[in-house]
Amino acid sequence: MMNSDLISQQEFGNNQKLVGALAYIYSGDENQDGLVDSTDLNDCDNESTAFTAGYVVTDMNGDGLVDSSDLNIIDNNNAAFVATVLPY
Ligand SMILES: [Ca+2]
Ligand SMILES: [Ca+2]
């Protein structure tokens, strides 16, 4: 059994990204509507243009600044159709 098999059995919906030996939770859903889409990208882009800093929801990597690195996270996860997976 591979490490990725172990991790995929530990979380619901196979909704994590395995990088090396670590599993990461996706981010990018700034407005918490369950999808990473263009509305999240627009909100982050607006705050990036305004040089927003601090503990804000558009700071995807948690470095205290809203900039292109946060936009890249949202853009990549938007392209991968990342969405919330919930039990019914
Ligand atoms: Ca969203
Ligand atoms: Ca950031």
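Refer to the preceding data block for the structure.
The present account deals with the structure reproduced in this document. Because the structure is predicted, anything quoted here is derived from the model rather than measured. (Residues numbered from 1 in each chain as written. Chains lettered and ligands numbered in written order. Predicted model: local features only at pLDDT ≥ 70, side-chain atom pairs only at ≥ 80, totals over all residues.)

1. A closer look at unusual backbone geometry
In plain terms, the rule: Secondary structure elements follow DSSP: runs of H or I no shorter than four residues count as helices, runs of E no shorter than two count as strands, and numbering proceeds from the N terminus. Residues with at least 20 neighbouring C-beta atoms inside 10 Å of their own are called buried, those with 12 or fewer are called exposed, and the rest are partly exposed, where every C-beta is derived from the backbone.
Its identity is not glycine, yet Gln32 carries a phi of approximately 60 degrees, on the positive side. Along the polypeptide, Gln32 turns up in the loop between strand E2 (22-25) and helix H2 (38-49). Backbone geometry places Phe51, a non-glycine residue, at a positive phi of 55 degrees. Residue placement: Phe51 occurs in the loop between H2 and helix H3 (68-79). What makes Phe51 exposed here is the crowd of 9 C-beta atoms within 10 Å.

2. Some words on the environment of Gly64
Test applied: For the purpose of contact definition, each residue receives a C-beta atom placed from its backbone, and two residues are in contact when these atoms lie within 7 Å.
Along the chain, Gly64 turns up in the loop between H2 and H3. Between the C-alpha atoms of Gly64 and Gly54, which are ten residues apart in sequence, the distance is 4.7 Å. Dropping the residues within four chain positions of it, Gly64 is found in contact with Ala53, Gly54 and Asp59.

3. Structural notes on the packing of H2 against H3
Two quantities define a packed helix pair, namely the angle between the axes and the distance from one axis to the other. Quick note on the threshold: All axes are obtained by fitting lines to C-alpha atoms, using only the stretch in contact for helices, and the reported angles, taken between N-to-C directions, cover 0 to 180 degrees. Throughout, the term roughly parallel applies to angles under 35 degrees, roughly antiparallel to angles over 145, roughly perpendicular to angles from 65 to 115, and oblique to all others. Gly falls in the polar group here, along with every residue not listed as nonpolar (Ala, Val, Leu, Ile, Met, Phe, Trp, Tyr, Cys, Pro) or charged (Asp, Glu, Lys, Arg).
Contact geometry of H2 with H3 gives a least axis separation of 10 Å together with a crossing angle of 175 degrees. The orientation of H2 relative to H3 falls into the category roughly antiparallel. Every residue of H3 that contacts H2 at Ser38, Asp40, Leu41, Cys44, Asp45 and Ser48 is listed here: Ser68, Asp70, Leu71, Ile74, Asp75 and Asn78. Looking at the contact of H2 with H3, its residues break down into four nonpolar, four polar and four charged.

4. Some details on the pairing of E2
Quick reminder of the rule: Here the rule is simple: two strands pair whenever DSSP picks up at least two bridges between them.
Where strand E1 (residues 16-19) lies against E2, four bridges are found, and the strand directions are antiparallel. Bridge pairing in E2 places Lys17 opposite Tyr24. Joining the antiparallel neighbours E1 and E2 is a turn of two residues, in which Gly20 adopts a positive phi near 65 degrees.

5. Thoughts on H2
Selection criterion: Under the convention used throughout, the expected extent of a helix is 1.5 Å for every residue step, that is, one less than its residue count. Relevant arc is that of directions from the helix axis to the C-beta atoms, nothing else.
Taking 1.5 Å as the rise per residue, H2 with twelve residues should run 16 Å; its terminal C-alpha atoms sit 16 Å apart, in good agreement. Considered for burial, the residues of H2 that qualify are Asp40, Cys44 and Glu47. Looking straight down H2, one finds its buried side chains confined to an arc of 60 degrees; they lie on one side. For H2, exposure combined with an orientation more than 90 degrees from the buried face picks out Ser38, Asn46 and Thr49. Packed against the buried residues of H2 are H3. Looking one or two residues beyond H2, the residue adopting positive phi is Phe51, at roughly 55 degrees.

6. Details of the nonpolar core
In plain terms, the rule: Nonpolar core, as used here: buried Ala, Val, Leu, Ile, Met, Phe, Trp, Tyr and Cys residues forming one set through C-beta atoms within 7 Å.
Listed in full, the six residues of the largest apolar core are Val36, Cys44, Met60, Val66, Ile74 and Val82. When neighbours within four sequence positions are excluded, Val36 is seen to be in contact with Gly28, Asp29, Ile74, Asn77, Asn78 and Val82.

Just distances and angles here, no functional claims.
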